[in-house]
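So you can see what is in the structure, the chains are spelled out below.
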Amino acid sequence: MPEVPQFTKIQELIYELPIERVMKKNVITVSPETSILELKETLRINRISGAPVLDNGRLVGIISIEDLLKALLEGDLHSPVRKRMTTHPITVLEKESVVEAVKKFSQHKVGRLLVVNEQGDLVGILTGGDITRGLLEAISLDYHAEEVRRYRASHIFEDIVSDQTSLLLKYKVQAHDFKSGGTASSKLKRALERLGCAPDTVRRVAISAYEAEMNLIIHADQGGEVIAELRPERIRLTFVDRGPGIPDVEKALSPGFSTAPNWIRELGFGAGMGLNNIKRCADSMKLESKVGHGTRLEIIIYLRPELGEEFNPLKRNPQESS
Amino acid sequence: MISLKEVAEKLKIEPVSSASSLDRPIAGGYASDLLSCAMKGAKKDYLWVTLQSHLNVVAVASLSGLAGVIMTEGNQPDAETLSKAESEGVVLLVTPRTTFSIVGELASLGVRGD
């Protein structure tokens, strides 16, 4: 899991981060009348490989160490920068996203881009290294935020002392809202990951929650609720609705039995496998229903301390913790 | 293990979402148009081949941690499905060919089912 989402994270960041967040703001500039000799000193003292050329605050060009070397080879030490600079330097806007800069770097094969505001004033300078550094910082901030969330969540059962602590998560499910199908299950999955559940437990909860959530969407005419009660040793999922109710619970549990209408089957639902899937994932399952009143499905999934699931109270044993 | 990228190249099918996650390895394959069956049979890092192209395919793929989904017979996901797939990091690939012929090629590339 860690590698794959990070690719997307970098991509996201390239589009999200504005150039102004990664550029260098203190730009060393020279004037068109600066001599090549003076330029050499400016570059050496500041350890930079090029500088924008400003004429009374207006950007007129850029001069690089390559230009300087050529001038030195030709012995042209006293001519002004104006003669040697590249006019029409390649610029990017400060508000544009980093991806625009990446495009310009690969199009123009230049070492640095000048950053300007909407009025065309020079506000910063950008190299490939600045982009790398900016992205790494942004990723580590993001990564750190998720780490903190995970840490806080996974210690809730240790930090809050009672004779019995449980955490109740409730999600509402709207009738016939196919577009949101899986939303409650996804949120629950994320919560369990943060709490430090083992991947196998997360998967079993996700599958059973999804199947039951879809049942509420397809069948419950007023929608329903998904309630997850988390204790240090187990997860109890309860799915409740207020109708229509199941006429024959035993039949409903038999594999392949479905009452879903055709249009729902065409979407790939209504295979008659939902409750079976849930049963397969759960350590225990209880289904109660009354026609005209509603249905209540309750399943229990035990945590597996042997898989290192961290919200197990065993963790609190000083011999167990590291 | 063969990667999603190699499969996409060999089968000449283009990803339509989350192309950045194309480096994922494929642990196995699964084919069905029934979502509950996919929930059961398609395991983590599996490639799922189906006719379905609606929003809930993304939910199943994301909840089960699938490597990707190939939508067959030219069934195109709509804009909402695509944007959901993008935000969940689910790779969707679209092909005009049938499930049967895609699965046949996957098998010859060494992708195994259970």
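For the structure given in this document, a descriptive report is provided here. Everything numeric here is computed off the predicted structure, so don't read it as measured data. (Residues numbered from 1 in each chain as written. Chains lettered and ligands numbered in written order. Predicted model: local features only at pLDDT ≥ 70, side-chain atom pairs only at ≥ 80, totals over all residues. Heavy atoms only, no water.)

1. Here's the deal with the overall build of chain B
To be explicit about the condition: We count a stretch as a helix when DSSP gives it H or I for four or more residues in a row; a strand needs E for two or more, and each element gets its number in order from the N terminus. For each residue, the accessible area found with a 1.4 Å probe, counting protein chains only, is set against the maximum for its type, and the residue is called buried under 20%, exposed over 50%, and partly exposed in between. In this analysis, two residues are considered to be in contact whenever any of their non-hydrogen atoms come within 4.5 Å of each other. In these tables, accessible area is a Shrake-Rupley quantity obtained with a 1.4 Å probe, and a residue counts as shielded only by the protein chains included in the view.
Check the secondary structure of chain B and you find five helices and five strands. Ordered by position in the sequence, the α and β elements of chain B form the string α-β-β-α-β-α-β-α-β-α. Within chain B, the proportion of its 114 residues that are buried is 57%. Across chain B, the fraction of contacts at a sequence separation of at least 24, relative to all contacts at a separation of at least 6, is 49%. Summing over all exposed atoms, chain B offers an accessible surface of approximately 4,600 Å²; the carbon and sulfur share of this is 54%.

2. Description of the layout of surface pockets
Heads up, the condition is: In this analysis the probe radius is 1.4 Å and the grid spacing 1 Å, with only protein atoms considered; a cavity is a set of points the probe fits into but cannot get out of, a pocket is an open set with protein on both sides within 12 Å along at least five of seven lines, and lining residues have an atom within 4 Å of a point. Grid points are joined across faces, edges and corners, and a volume is the space filled by probe spheres set on the points. Throughout, the ten residues Ala, Val, Leu, Ile, Met, Phe, Trp, Tyr, Cys and Pro are labelled nonpolar, Asp, Glu, Lys and Arg are labelled charged, and all others, Gly among them, are labelled polar.
As a volume, the second largest pocket reaches approximately 690 Å³. Forming the walls of the second largest pocket are 38 residues, and the residues nearest its centre are Asn215(A), His219(A), Ile246(A), Thr259(A) and Leu275(A). For the lining of the second largest pocket, the elements supplying multiple residues, two or more each, are α10 (199-219), β9 (234-241), α11 (249-253), α13 (274-281) and β11 (294-302) of chain A together with α2 (35-41) of chain B. Of the residues forming the lining of the second largest pocket, the biggest block, eight residues, is contributed by α10(A). A class-by-class count of the residues in the lining of the second largest pocket yields 20 nonpolar, 13 polar and five charged.

3. A word on the nonpolar core
Just so we agree on the cut-off: In plain words, nonpolar cores are sets of buried Ala, Val, Leu, Ile, Met, Phe, Trp, Tyr and Cys residues tied together by side-chain atoms within 4.5 Å.
Counting residues in hydrophobic clusters, the biggest one holds 61 residues, and the most contacted among them are Leu188(A), Leu192(A), Tyr210(A) and Leu237(A). Broken down by element, the residue count for this core peaks at 11 residues, all from α10(A). Setting aside its immediate chain neighbours within four residues, Tyr210(A) contacts Gly181(A), Gly182(A), Ser185(A), Phe269(A), Leu35(B), Met39(B), Asn56(B), Ala59(B), Val60(B) and Leu63(B). Core analysis: the next-biggest nonpolar cluster, separate from the first, contains 18 residues, Leu13(A), Val92(A), Phe105(A) and Ile131(A) among them.

4. Topic: the sheet that holds strand β3 (residues 46-50) of chain B
Residue and element names in this part refer to chain B. This is how the line gets drawn: The rule for pairing is simple: two strands pair if DSSP sees at least two bridges between them. Axis angles are defined between N-to-C directions and span 0 to 180 degrees, where every axis is a line fitted to C-alpha atoms and, for a helix, only to the segment in contact.
Spatial ordering of the open sheet is given by β1-β5-β4-β3-β2, a layout of five strands whose pairing is mixed. Both outer strands of the open sheet, β1 (14-15) and β2 (28-31), are each paired with one neighbouring strand and no more. Where β2 and β3 come together, four bridges link them in parallel fashion. Across the sheet, residue glycine 28 finds its bridge partner in β3, namely tyrosine 46. Lying on the sheet, helix α3 (residues 55-63) is in contact with β3, β4 (68-71) and β5 (92-94); it crosses β4 at an angle near 150 degrees. Contacts between helix α5 (residues 99-108) and the sheet are confined to β2, β3 and β4, with β3 contributing the most and set at about 155 degrees to the helix.

5. As for the interface of chain B and chain A
As a reminder, the rule being used: Summed over both partners, the accessible area (1.4 Å probe) lost when two parts come together is defined as the buried area. A pair is scored as a salt bridge if a Lys or Arg side-chain nitrogen falls within 4 Å of a carboxyl oxygen belonging to Asp or Glu.
Each partner contributes to the interface: chain B provides 24 residues, whereas chain A provides 26 residues. Between chain B and chain A lies a buried interface of about 2,100 Å² when both sides are counted; carbon and sulfur atoms form 56% of it. If you look at where chain B meets chain A, you find one salt bridge. Lys179(A) serves as the salt-bridge partner of Glu80(B), at 3.5 Å between the closest nitrogen and oxygen.

6. Quick look at α13(A)
The following threshold applies: This arc is built from the directions going out from the helix axis to the C-beta atoms.
Looking only at α13(A), the buried set comprises Gly274(A), Leu275(A), Asn277(A), Ile278(A) and Cys281(A). Looking straight down α13(A), one finds that the buried residues subtend no more than 160 degrees of arc, so they occupy a single side.

7. Considering the packing of helix α3 (residues 36-46) of chain A against helix α4 (residues 65-73) of chain A
Residue and element names in this part refer to chain A. As a reminder of what qualifies: By the definition adopted for this analysis, an angle is roughly parallel if under 35 degrees, roughly antiparallel if over 145, roughly perpendicular if from 65 to 115, and oblique otherwise. Left-handed describes a crossing whose near helix is turned anticlockwise from the far helix by less than a right angle; the clockwise case is right-handed.
Axis separation between α3 and α4 bottoms out at 11 Å; the angle between their running directions is 135 degrees. Our classification of the angle between α3 and α4 gives oblique. Between α3 and α4 lies a crossing whose hand is left-handed. Along its contact with α3, which presents Ile36, Leu39, Lys40 and Leu43, the element α4 presents Ile65, Leu68, Ala71 and Leu72. Of the residues in the contact of α3 with α4, the class split is seven nonpolar, no polar and one charged.

8. Let's talk about unusual backbone geometry
Gly243(A) connects to Pro244(A) through a cis peptide bond whose omega is 15 degrees. The topology assignment puts Pro244(A) in the loop between β9 and α11. We note that Lys12(B) has phi near 55 degrees; this positive angle belongs to a residue other than glycine. With respect to the element layout, Lys12(B) can be found in the loop between α1 (4-10) and β1. When its relative accessible area of 74% is taken as the criterion, Lys12(B) is described as exposed.

9. What to know about the sheet that holds strand β1 (residues 50-55) of chain A
Think of a sheet as strands paired side by side through backbone hydrogen bonds, with each pair either parallel or antiparallel. Residue and element names in this part refer to chain A. Across the sheet, three strands lie side by side as β1-β2-β3; this open sheet has antiparallel pairing. Two strands close off the open sheet at either side, each with one partner strand: β1 and β3 (86-87). Across two bridges, strand β2 (residues 58-64) lies against β3 in antiparallel orientation. Residue pairing for β3: glycine 61 is matched across the bridge by threonine 87. Contacts from α4 reach β1, β2 and β3 within the one sheet, and its direction differs from that of β2 by about 65 degrees.

10. Remarks on the side chain of Thr81(B)
Residues and elements named next belong to chain B. Counted only if it meets this: In protein, a polar contact means a hydrogen-donor-capable atom and an acceptor-capable atom, both N or O and within 3.5 Å, with residues adjacent in sequence counting only if both atoms are side-chain atoms; elsewhere, any N or O pair within 3.5 Å suffices.
Inspection of the secondary structure assignment puts threonine 81 in helix α4 (residues 79-88). Of the residues examined, threonine 81 reaches a relative accessible area of 0% and is grouped as buried. A polar contact of 3.4 Å, which involves the side chain of threonine 81, links it to the backbone nitrogen of leucine 55. Leaving out residues up to four positions away in the same chain, threonine 81 has contacts with Ser53, His54, Leu55, Val58 and Leu92.

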